[in-house]
Amino acid sequence: MQGAQIQQEIQQLKVDLVKAVRMLERARILDMNGHLSSRAPGDDRFYINARSASRASLTVQDITCCNLDGDALAGETEPPSEVHIHAAIYRRRPEVNAVIHSHPHWQTVLGIAGQTMQPVYSIGAFAGNCPVFEKSSLVNTPEMAEELAQVLGNRCMVEIRHHGNVLVGPGIREVFVASIYLEENAKKQYHASLLNPNFHVLSGENLQRTRETNWTPSIVQKAWHYHEEKARLAGIFNDMWE
Ligand SMILES: [Zn+2]
């Protein structure tokens, strides 16, 4: 790729990253903590929201660039203490270009209650068979992050019991949309289980078809666009360039 094209892609990546972090904060997927990263195009580096920058008012200046050891490059701001999660996954999974670690309420509640998340809701139906990492403290060392990445294996998410989860995917927009609808799936499961402990779970051919028809590139793009426009109209991006 030519230098100018790479610069343009990096700028677009940073804009998407800032928008996604702000929208996830509004959706209560992120709070004062949590982080989203994206692998740099054609390079062994990744971009991540800085440790001390507020997730509610993140700007492109608040993104830090790290190498695959999780170290910030010279002159960059400090990354989150759990940056090792991202580094370990990028080292092991070359096809993964975006990683999110968050503390989503409904998914965490299900885990605390010992309930495994099941595919119960259309676009969130990719849920299920999620491995669980039982060490609930901060994943703030390379060793712990390696362990977590091993438990994740080749799946798209891992639950960290009493803590949150880690979700991986091919790009920022995909992990953003997956985060939103996974939490929606968990919320629906929670409420359904109150009404009936033997709630219905999607299965067999019905599950297969639901997954295939509800998770396509055009639906991911439509979902991103919907949330992006809603956020824009609510003024969430107003001071993004300051
Ligand atoms: Zn955490």
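The rules behind the values
Residues numbered from 1 in each chain as written. Predicted model: local features only at pLDDT ≥ 70, side-chain atom pairs only at ≥ 80, totals over all residues. Heavy atoms only, no water. Donors = N, O, S within 2.8 Å, 3.2 Å for Na, K, Ca; no water. Tetrahedral: all angles 85-135°; square planar, octahedral: opposite > 155°, others 65-115°. Helix = DSSP H or I, 4+ residues; strand = E, 2+ residues; numbered from the N terminus. Buried < 20%, exposed > 50% of the residue type's maximum accessible area, 1.4 Å probe, protein only. Polar contact = N/O pair within 3.5 Å; in protein donor to acceptor, adjacent residues only side chain to side chain. Contact = heavy atoms within 4.5 Å.

(A) Spatial organisation of the coordination of the zinc ion. The zinc ion binds to the protein through Glu82 (OE), His101 (NE2), His103 (NE2) and His163 (NE2); the donor distances cover 2.1 to 2.7 Å. Considering all 4 donor atoms around the zinc ion, the spread of angles at the metal, 85 to 136°, places the coordination shape in the irregular class. Between the donor residues of the zinc ion, the gaps in sequence give the motif E-x18-H-x1-H-x59-H. Taken together, the residues span a long stretch of sequence, with Glu82 in the loop between β3 (63–67) and α2 (83–92) and His103 in the loop between β4 (98–102) and α3 (105–112) at a distance of 21 residues.

(B) Examining the side chain of Ser193 more closely. Here Ser193 lies in helix α5 (residues 172–195). Its relative accessible area of 14% is what places Ser193 among the buried residues. A polar atom in the side chain of Ser193 sits 2.7 Å from the backbone oxygen of Tyr190. Setting aside its immediate chain neighbours within four residues, Ser193 contacts Gln115 and Phe199.

(C) Structural view of unusual backbone geometry. Although it is not a glycine, Asn129 adopts a positive phi angle of roughly 55°. With respect to the helices and strands, Asn129 occurs in the loop between α3 and β5 (132–133). Looking at Asn129, the relative accessible area reads 64%, which means it is exposed. Phi is positive for His162, close to 65°, though the residue is something other than glycine.

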